[in-house]
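Report on the structure
Now for the letters of each chain:
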Amino acid sequence: MSQVEFNQQLCDFLAVATTPFHAVSAMSSILEAAGFESLSSNASAEPLAPGKYFLTRNDSSLVAFIVAPMFRLPRACAWLAPTPTVLA
């Protein structure tokens, strides 16, 4: 992608994303089009299968991440959840 294309896409995004709420909505659409799966903030604390995921909170913040196929949590690592559990 050239600098001109990048700048144009950035300007297009900023024109749509005039508030944090609009930015999260626009980015959610972009991520879904790129194959990311939306997770509920109430999602199970079970480890995720390899894939691309994102979640939003209060429609004003967004976190996106990729779980690699060979990813393993370190021993005795707590999974982030309302009631964390230690995985051994």
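Below, the structure is looked at part by part.

Reading the values: the criteria
Residues numbered from 1 in each chain as written. Predicted model: local features only at pLDDT ≥ 70, side-chain atom pairs only at ≥ 80, totals over all residues. Heavy atoms only, no water. Helix = DSSP H or I, 4+ residues; strand = E, 2+ residues; numbered from the N terminus. Buried < 20%, exposed > 50% of the residue type's maximum accessible area, 1.4 Å probe, protein only. Contact = heavy atoms within 4.5 Å. Areas by Shrake-Rupley, 256 points an atom, 1.4 Å probe, with all protein chains shown as cover. Expected span 1.5 Å × (residues − 1).

1. Side note on the overall build of the protein chain
- Scanning the protein chain from terminus to terminus reveals two helices and five strands.
- The N-to-C order of helical and strand elements in the protein chain reads α-α-β-β-β-β-β.
- A burial count over the protein chain gives 12% of its 88 residues as buried.
- Across the protein chain, contacts joining residues at least 24 apart in sequence account for 31% of those joining residues at least 6 apart.
- Of the roughly 6800 Å² of accessible surface on the protein chain, a fraction of 61% belongs to carbon and sulfur atoms.

2. Concerning the side chain of serine 28
- Counting through the fold element by element, serine 28 comes out in helix α2 (residues 20-33).
- Given a relative accessible area of 13%, serine 28 falls into the buried group.
- Not counting residues within four places of it along the chain, the set of residues in contact with serine 28 comprises Phe54, Thr56 and Leu62.

3. As for unusual backbone geometry
- One non-glycine residue, asparagine 58, lies in the positive phi region at around 55 degrees.
- With respect to the helices, strands and loops of the structure, asparagine 58 is situated in the loop between β2 (51-57) and β3 (61-67).
- Using a relative accessible area of 62% as the deciding quantity, one classes asparagine 58 as exposed.
- The backbone of aspartate 59 shows a phi angle near 55 degrees, a positive value even though the residue is not glycine.
- Tracing the sequence through the fold places aspartate 59 in the loop between β2 and β3.

4. Some remarks on α2
- The end-to-end C-alpha distance of α2 is 20 Å, a good match for the 20 Å that 14 residues give at a rise of 1.5 Å each.
- Among the residues making up α2, those that are buried are Val24, Ala26, Ser28 and Leu31.
- Tucked into the core, α2 has its buried residues touching α1 (3-16), β2 and β3.
- Immediately downstream of α2, the backbone of glycine 35 shows phi near 95 degrees, a positive value.

What is shown is where atoms sit, not what they do.
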